[in-house]
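Listed below are the residues making up each chain.
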Amino acid sequence: MIIGKLNKRVVIKYPDTAADGHGGRSTIWETKYTVWANINVPKASVASIQGAVSSTLTYEITIREVSDNLVGCKVFYGSREFDVIHCYGNNFNGTVLQCVEVIKR
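Residues numbered from 1 in each chain as written. Predicted model: local features only at pLDDT ≥ 70, side-chain atom pairs only at ≥ 80, totals over all residues. Heavy atoms only, no water.

### Here we look at the overall build of the protein chain
Here is step 1: Check the secondary structure of the protein chain and you find zero helices and seven strands.
Here is step 2: Taken along its principal axes, the extent of the C-alpha atoms in the protein chain is 50 × 40 × 25 Å.
Here is step 3: A buried classification covers 26% of the 105 residues belonging to the protein chain.
Here is step 4: Taking all contacts inside the protein chain whose residues are at least 6 apart in sequence as the whole, residues at least 24 apart take part in 47%. (Helix = DSSP H or I, 4+ residues; strand = E, 2+ residues; numbered from the N terminus. Buried < 20%, exposed > 50% of the residue type's maximum accessible area, 1.4 Å probe, protein only. Contact = heavy atoms within 4.5 Å.)

### Brief notes about the nonpolar core
Here is step 1: I12, I61, I63, L70, V75, L97 and C99 are the most contacted members of the largest nonpolar core, which totals 17 residues.
Here is step 2: Secondary structure elements with two or more residues in this core: β1 (8–19), β2 (25–39), β4 (52–63), β6 (80–90) and β7 (94–102).
Here is step 3: Not counting residues up to four positions away in its chain, the partners in contact with L97 are I12, Y59, E60, I61, I63, L70, V75, V84, H86 and C87. (Core = buried A, V, L, I, M, F, W, Y, C linked by side-chain atoms within 4.5 Å.)

### Points about the side chain of E101
Here is step 1: By the element assignment, E101 lies in strand β7.
Here is step 2: Of note is the side chain of E101, whose polar atom sits 3.0 Å from the side chain of Y59.
Here is step 3: At a separation of 3.0 Å, a polar atom in the side chain of E101 contacts the side chain of R80.
Here is step 4: Contact partners of E101, with chain neighbours within four places excluded, come to L57, Y59, R80, E81 and F82. (Polar contact = N/O pair within 3.5 Å; in protein donor to acceptor, adjacent residues only side chain to side chain.)

Pasting the structure below:
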């Protein structure tokens, strides 16, 4: 891993549930790591889902090696938000998170 490529400061959060005060539960996002990362150019895929065209951008975010499984976590970079859909470790390249960007409209 070339440390100089880890040039973006990201926050990784995991989901936790808390009582909402009305007998239910709500999801809150707790900070797990604040780390330096490399965000690679996204890969695009297009599919026809129920007759409509759907596209997905998949980003690869590389961080230093961690032993935790981060699937289900969220990565925050500035105002951008990514869902971690896959995570794998590579002794030479750190931990790679495959993520989908969450776009709120």
